[in-house]
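# Notes for the structure review
The chain contents come next:
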Amino acid sequence: MPVITTKTAAGIAIASPYNAEFVAGIKAMLGRWNASDKTWVVPFAVEAEARSLLRAIYGEDGTPVERVDLEIEFLRDVEERGEICLAGGDVTIAYARGRDSGGYPAAGVAKIAGSLRSGGSRANYTVKACAGLRLRMVGISRPLAERLIASDNDSTTRVWIEGASTADTTNVVPLKRG
């Protein structure tokens with residue numbers, strides 16, 4: 001889901017995917033949640049700060065940006081409690097609803113090949129990405145894609161922009177550790 005900003009009579013309305021760091025930051029700027037529109041509204045006086053926060057977290061601030069598709073390939077089995085995230089928890093790419101639910105790609109993520117599974121116990125269920133799993137994140141901002149590609153290396157995934165030369169754009173991206 002892209003970030004969308006709109007000027008309203010009350011201030012700047014922001015629609016974005018959920019991120020706890022963003023919520024804390026926007027509340028500190030006196031942002032208010034508008035449940036009917038599912039947006040955060042901040043005063044005009046903090047528009048620059050709100051856009052800066054959006055760029056830091058989502059790689060975009062609601063102004064038009066180039067969108068790309070990002071490919072993710074798992075090089076080994078990875079099992080995490082509840083969800084699998086890229087780059088230290090910034091971006092959820094897969095999750096499980098329970099021990100026996102199976103694994104699911106997150107919103108905006110498509111499974112291209114391979115297997116996602118669930119396991120663990122009833123109270124502490126896990127999601128498992130099996131080696132060879134390929135996912136595609138569709139329509140993310142180029143700055144966010146480049147930030148994910150440039151993340152630190154821990155040998156769990158290979159990430160690249162679809163259609164780009166993989167020799168020039170591949171990197172290994174760290175996963176969130178629960």
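Residues numbered from 1 in each chain as written. Predicted model: local features only at pLDDT ≥ 70, side-chain atom pairs only at ≥ 80, totals over all residues. Heavy atoms only, no water.

## Topic: the sheet that holds strand β4 (residues 39-42)
Worth spelling out the cut-off: Pairing between two strands is assigned when DSSP locates at least 2 bridges connecting them. To qualify as a helix, a DSSP run of H or I must reach at least 4 residues; to qualify as a strand, a run of E must reach at least 2; elements of each kind are numbered from the N terminus. With axes taken as lines fitted to C-alpha atoms, and helix axes fitted only over the stretch in contact, angles between N-to-C directions fall between 0 and 180 degrees. Pairs of residues are marked as contacts when any of their non-hydrogen atoms sit within 4.5 Å.
Here we have four strands laid out as an open sheet, ordered β1-β2-β4-β3, and antiparallel in their pairing. Both outer strands of the open sheet, β1 (4-7) and β3 (32-34), are each paired with one neighbouring strand and no more. Averaged over all neighbouring strand pairs, the angle between strand axes comes to 30°, with direction disregarded. Here β3 runs beside β4; their pairing, made up of three bridges, is antiparallel. Bridge pairing in β4 places Asn-34 opposite Thr-39. Helix-sheet contacts for helix α1 (residues 20-28) involve β2 (12-15) and β4, and the interaxial angle to β4 is about 30°.

## Re the pattern of salt bridges
Basically, it comes down to this: We define a salt bridge as a side-chain nitrogen of Lys or Arg found within 4 Å of a carboxyl oxygen belonging to Asp or Glu. Each residue is assigned to one of three classes by its accessible area relative to the maximum for its type, calculated with a 1.4 Å probe on protein chains only: buried under 20%, partly exposed between the two thresholds, exposed over 50%.
Applying the stated rule across the entire model yields 12 salt bridges. Across the pair Arg-51 and Glu-47 runs a salt bridge whose closest N-O atoms are separated by 3.0 Å. Note that Arg-51 and Glu-47 are positioned in helix α2 (residues 47-58) at a spacing of four residues, about one turn of the helix. This pair shows no difference in class: Arg-51 is buried, exactly as Glu-47 is. Residue Arg-158 is joined to Glu-73 by a salt bridge in which the shortest nitrogen-to-oxygen separation is 2.7 Å. In this pair, Arg-158 sits in strand β14 (residues 157-161) while Glu-73 sits in strand β5 (residues 67-74), placing the two residues 85 residues apart along the sequence.

## Things to note about the environment of Asp-100
Heads up, the condition is: Polar contact is the term for a pair of N or O atoms within 3.5 Å; when the atoms are in protein, one must be able to donate a hydrogen and the other to accept it, and sequence-neighboring residues count only if both atoms are side-chain atoms.
Structurally, Asp-100 is set in the loop between β8 (91-96) and β9 (103-105). For Asp-100, a relative accessible area of 66% translates into the label exposed. The sequence separation of Asp-100 and Ser-118 amounts to 18 residues, and the corresponding C-alpha distance is 6.1 Å. At a separation of 3.2 Å, a polar atom in the side chain of Asp-100 contacts the side chain of Arg-99.

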